[in-house]
Amino acid sequence: MNFKLIELGNDEFSFRLEEEGEMKAEITWTELADVMVIEHTFVDEAMRHKGLAKKLLDQAADYAREHSYKMEPVCSYAVTAFDRYKEYDDVKI
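Here the structure is a predicted model, which is why all the values come from computation and not from measurement.

Draft legend 1. Region of interest: the packing of helix α1 (residues 52-66) against helix α2 (residues 76-84). Where α1 contacts α2, the axes come no closer than 11 Å and their chain directions differ by 80°. In this view, α1 runs roughly perpendicular relative to α2, as classed from their interaxial angle. Note on element contacts: α2 touches α1 through Y77, A78, A81 and F82, opposite A53, K54 and L57. Its residues assigned to classes, the contact of α1 with α2 shows six nonpolar, no polar and one charged.

Following this line, the structure appears as structure tokens:
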């Protein structure tokens, strides 16, 4: 799956999956210095239960690693994933 990096303005960014002009999945964050504050994760109801939210978070974590950022989860999905999976320990604040 190809997630597109979108600059939303005001230091806000997202990785987004669109199909036929419709947003199907998205993770959004605000960059504060060297911290990505993960604010929202969305997956279209028809595409849920396929691991798409985790793939979005993985993509965001890879972006954080590439830019030497840390991540602060705020949205409920990211908070749960950070608690559940050790693979994000290197990007946790």
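The structure having been displayed, the exposition proceeds.
Draft legend 2. Up close: the nonpolar core. With 27 residues, the main nonpolar core has F15, I27, W29, M36, I38, L57 and M71 as its most contacted residues. Elements supplying a minimum of two residues to this core: β2 (12-19), β3 (22-32), β4 (35-43), α1 and α2. Looking at which element gives the most residues to this core, the answer is α1, with eight residues. Setting aside residues no more than four positions away along its own chain, W29 makes contact with L5, D11, E12, F13, S14, F15, M36, V37, I38, E39 and Y63.

Draft legend 3. Fine view of α2. Buried within α2 are the following residues: A78, A81 and F82. Along the axis of α2, the buried residues cluster in a sector spanning 100°; they form a single face. Within α2, the exposed residues directed more than 90 degrees away from the buried face are S76, D83 and R84. Tucked into the core, α2 has its buried residues touching β4, α1 and β5 (70-73).

Draft legend 4. Examining a negative patch on the surface more closely. Where like charges cluster on the molecular surface, the negative patch consists of E7, D11, E12 and E39. Within the element layout of this structure, E7 appears in strand β1 (residues 4-9). What makes E7 exposed here is its relative accessible area of 63%.

Draft legend 5. Focus on the pattern of salt bridges. Under the criterion given, the structure shown has eight salt bridges. Note that D58 is salt-bridged to K54, the shortest N-O span being 3.1 Å. A residue pair is termed a helical-turn pair when its members lie 3 or 4 positions apart in one helix, as D58 and K54 do in helix α1 at four residues. Connected through shared salt-bridge partners, R16, E18 and E26 make up one network.

Draft legend 6. Structural context of the packing of aromatic side chains. Applying the stated criterion across every chain, the model contains seven aromatic pairs. Taking 6.1 Å as the distance between ring centres and 20° as the angle between the ring planes, the aromatic pair formed by F13 and W29 counts as stacked. Of this pair, F13 sits in strand β2 while W29 sits in strand β3, and the two are 16 residues apart along the sequence. Each member of the pair, F13 as well as W29, carries the same accessibility label: buried. A ring pair is formed by Y63 and Y69, whose centres lie 6.3 Å apart and whose planes are at 55°; its orientation type is tilted. For Y63, a relative accessible area of 11% corresponds to the buried category. The structure contains a cluster of three or more aromatic residues connected by ring pairs, namely F13, F15, W29, Y63 and Y69.

Cut-offs used in this document
- Residues numbered from 1 in each chain as written.
- Predicted model: local features only at pLDDT ≥ 70, side-chain atom pairs only at ≥ 80, totals over all residues.
- Heavy atoms only, no water.
- Axes fitted to C-alpha atoms, helices over the stretch in contact; angles between N-to-C directions.
- Helix = DSSP H or I, 4+ residues; strand = E, 2+ residues; numbered from the N terminus.
- Parallel < 35°, antiparallel > 145°, perpendicular 65-115°, else oblique.
- Contact = heavy atoms within 4.5 Å.
- Nonpolar A, V, L, I, M, F, W, Y, C, P; charged D, E, K, R; others polar.
- Core = buried A, V, L, I, M, F, W, Y, C linked by side-chain atoms within 4.5 Å.
- Buried < 20%, exposed > 50% of the residue type's maximum accessible area, 1.4 Å probe, protein only.
- Arc of directions from axis to C-beta.
- Patch = residues over 30% accessible without salt bridge, like charges linked within 9 Å, V, L, I, M, F, W, Y side chains within 5 Å.
- Areas by Shrake-Rupley, 256 points an atom, 1.4 Å probe, with all protein chains shown as cover.
- Salt bridge = Lys/Arg side-chain N within 4 Å of Asp/Glu carboxyl O.
- Lys, Arg positive; Asp, Glu negative; His and termini not counted.
- Charge placed at Lys NZ, Arg CZ, Asp CG, Glu CD.
- Phe/Tyr/Trp six-rings, centres within 6.5 Å; stacked < 30°, edge-to-face > 60°.

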